[in-house]
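Inside the fold
Next come the chains, spelled out residue by residue.
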Amino acid sequence: MASVPMEHGLLLAGILFGLGFLGVLVRRNIVFMLMCVEIMLNAAALAFVAAGSRWAQPDGQVMFIFILTVAAAEVAVGLALVLQFYRGFRTVDMDAADRMRG
Amino acid sequence: MDVVFYLSGAVAIVSTLMVITRSNAVHALLYLIVSLFAVALIFFALGAPFAAALEVIIYAGAIMVLFIFVIMMLNLGIQTQTQEREWLNPKAWIGPAILSAALVCELIYALTLHKGAVFAAVEVTPKAVGIALFGPYLLGVELASLLLLAGLVGTYHLGRRDERSAAREGDAP
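Residues numbered from 1 in each chain as written. Chains lettered and ligands numbered in written order. Predicted model: local features only at pLDDT ≥ 70, side-chain atom pairs only at ≥ 80, totals over all residues. Heavy atoms only, no water.

1. Some thoughts on the overall build of chain B
Scanning chain B from terminus to terminus reveals eight helices and zero strands. Expected size for 173 residues packed as a compact globule is a radius of gyration near 16 Å; at 22 Å, chain B overshoots this value by more than 25%. Each of the three principal axes of chain B carries a C-alpha extent, and together these read 70 × 50 × 25 Å. By the burial criterion, 31% of the 173 residues in chain B qualify as buried. Surface summary for chain B: the accessible area is close to 10,600 Å², and the carbon and sulfur share equals 73%. (Helix = DSSP H or I, 4+ residues; strand = E, 2+ residues; numbered from the N terminus. Rg over C-alpha atoms; globule rule 2.2 N^0.38 Å. Buried < 20%, exposed > 50% of the residue type's maximum accessible area, 1.4 Å probe, protein only. Areas by Shrake-Rupley, 256 points an atom, 1.4 Å probe, with all protein chains shown as cover.)

So, in structure tokens, the structure goes:
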């Protein structure tokens, strides 16, 4: 690992985050949007691990574990919301829920 | 190890692109698992074997299983796929994609200006991670446990099928 610049790791994390963001913007299916949020969280975790590896400190991996916890809690609540959404609207189209009414 | 880093980085980018362009949810999920495996390999190449193992076990294992369960419970038919394909009309996203590609080129340019900082060749062992996690970050661990409890309670509350909606579904099957 003596010759990979740290910037390339951060660049990869940035590109993955951008792809996840693009997915959230272009997809209307709520399951795909949740997947893209997972991609974004994963990219942020990659940036933390890359920074931790640059200075050979364990802090980056500790932050990775916290991000993993947040992602697990987020996806559990999010998928429960998806099921409720599908029960109520009989579709997975986000645009069906453009009114804030029960 | 350089080859491992660049190759798995390319695999991660390509498979993530496939995730956001598929119309079938299960295909997208399989590509997402490939992407997570690639990121796990990058973690391993960066000298973070503990993070790599957690990525495979928790992300590619537990979280993806949740997605598969929900996709199976929704049981979306073929009409959802055709609708997705209509929504992914290139006319809708070609303009934003070109503009974003320009921003990515700027990011690559800005990050390649500075040379010098390379990744440390040492491996951060799970032991060091554990000592840091249960030493200075102990409060964070407690907060994470509270967050997981809140997530558990919230998921139970949201996923419960109450009598009203069950009766409504019974009326109109």
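Past the structure itself, the notes keep going.
2. Let's talk about the overall build of chain A
A count of helices and strands for chain A gives three helices and zero strands. Mapped in sequence order, the helices and strands of chain A form the string α-α-α. Computed over its C-alpha atoms, the radius of gyration of chain A comes to 17 Å, more than 25% above the 13 Å expected for a compact globule of 102 residues. Taking all 102 residues of chain A together, 56% fall into the buried category. In chain A, the proportion of contacts linking residues at least 24 apart, taken out of those at least 6 apart, comes to 53%. Of the roughly 4,100 Å² of accessible surface on chain A, a fraction of 67% belongs to carbon and sulfur atoms. Taken as two groups, the 7 positive and 7 negative side-chain charges of chain A have centres that lie 11 Å from each other. (Contact = heavy atoms within 4.5 Å. Lys, Arg positive; Asp, Glu negative; His and termini not counted. Charge placed at Lys NZ, Arg CZ, Asp CG, Glu CD.)

3. Here we look at the nonpolar core
Nonpolar side chains in soluble globular proteins generally cluster together in the buried interior. Ranked by size, the top nonpolar core spans 62 residues in total, and within it M35 and F64 of chain A together with F67 of chain B carry the most contacts. Taken together, the elements giving at least two residues each to this core come down to α1 (6-26), α2 (30-54) and α3 (59-89) of chain A together with α1 (2-21), α2 (25-45), α3 (49-74) and α6 (126-133) of chain B. Element by element, the count of residues in this core is highest for α3 of chain A, at 13 residues. In this structure, this core is formed jointly by two domains, domain 1 (2-121) and domain 2 (125-173) of chain B, each of which donates at least three residues. If near-sequence neighbours (up to four positions away) are discounted, M35 of chain A is found in contact with V19, A25, A28, L29, L32, F67 and I71 of chain B. L11, I15 and C36 of chain A together with I20 of chain B belong to the second largest nonpolar core, which has five residues in total. (Core = buried A, V, L, I, M, F, W, Y, C linked by side-chain atoms within 4.5 Å. Domains from an automatic or database assignment.)

4. A closer look at α6 of chain B
Buried within α6 of chain B we find V129, A132 and L133 of chain B. The buried residues of α6 of chain B occupy an angular sector of 100° when the element is viewed end-on, so they sit on one face. Among the exposed residues of α6 of chain B, those oriented more than 90 degrees off its buried face are K127 and I131 of chain B. Where α6 of chain B is buried, its residues contact α3 of chain A together with α3 and α7 (138-159) of chain B. (Arc of directions from axis to C-beta.)

5. Here we look at the interface of chain A and chain B
Between chain A and chain B, the contact holds 64 residues from the first and 75 residues from the second. Of the roughly 6,700 Å² buried at the junction of chain A and chain B (both faces included), carbon and sulfur atoms supply 76%. Scanning the region where chain A abuts chain B turns up zero salt bridges. Linking chain A to chain B there are eight residue pairs in polar contact (both at pLDDT 80 or more). Of all the secondary-structure elements, those providing two or more residues to the side of chain A that touches chain B are α1, α2 and α3 of chain A. (Buried area = accessible area lost by both parts, 1.4 Å probe. Salt bridge = Lys/Arg side-chain N within 4 Å of Asp/Glu carboxyl O. Polar contact = N/O pair within 3.5 Å; in protein donor to acceptor, adjacent residues only side chain to side chain.)

6. Things to note about helix α4 (residues 78-87) of chain B
All names here are of chain B. Along α4, the positions that sit buried rather than exposed are T80, Q81 and E84. Projected onto a plane normal to the axis of α4, the buried residues spread over an arc of 100° and lie on a single side. The outward face of α4, more than 90 degrees from its buried face, is lined by the exposed residues I78, Q79, R85 and E86.

7. A short note on the domain arrangement of chain B
Its domain assignment divides chain B into domain 1 (2-121) and domain 2 (125-173). Taking only C-alpha atoms into account, the centre of domain 1 of chain B sits 24 Å from that of domain 2 of chain B.

8. Here's the deal with unusual backbone geometry
Residue and element names in this part refer to chain A. With a phi close to 55°, A56 is a non-glycine residue in the positive phi region. Structurally, the position occupied by A56 is in the loop between α2 and α3. The phi torsion at R90 lies on the positive side, around 60°, for a residue other than glycine. Among the secondary structure elements, R90 is positioned in the segment after α3. For R90, a relative accessible area of 51% puts it in the exposed group.

9. Remarks on the packing of α3 of chain A against α7 of chain B
Packing of α3 of chain A against α7 of chain B leaves a shortest axis separation of 9 Å and a crossing angle of 10°. By the criterion of interaxial angle, the relationship of α3 of chain A to α7 of chain B is roughly parallel. Within the contact between the two elements, α3 of chain A uses F66, T69, V70, A73, A76, V77, A80, L81, Q84 and R87 of chain A and α7 of chain B uses G140, V141, A144, L147, L148, G151, T155, L158 and G159 of chain B. Per-class residue counts for the contact of α3 of chain A with α7 of chain B are 12 nonpolar, six polar and one charged. (Axes fitted to C-alpha atoms, helices over the stretch in contact; angles between N-to-C directions. Parallel < 35°, antiparallel > 145°, perpendicular 65-115°, else oblique. Nonpolar A, V, L, I, M, F, W, Y, C, P; charged D, E, K, R; others polar.)

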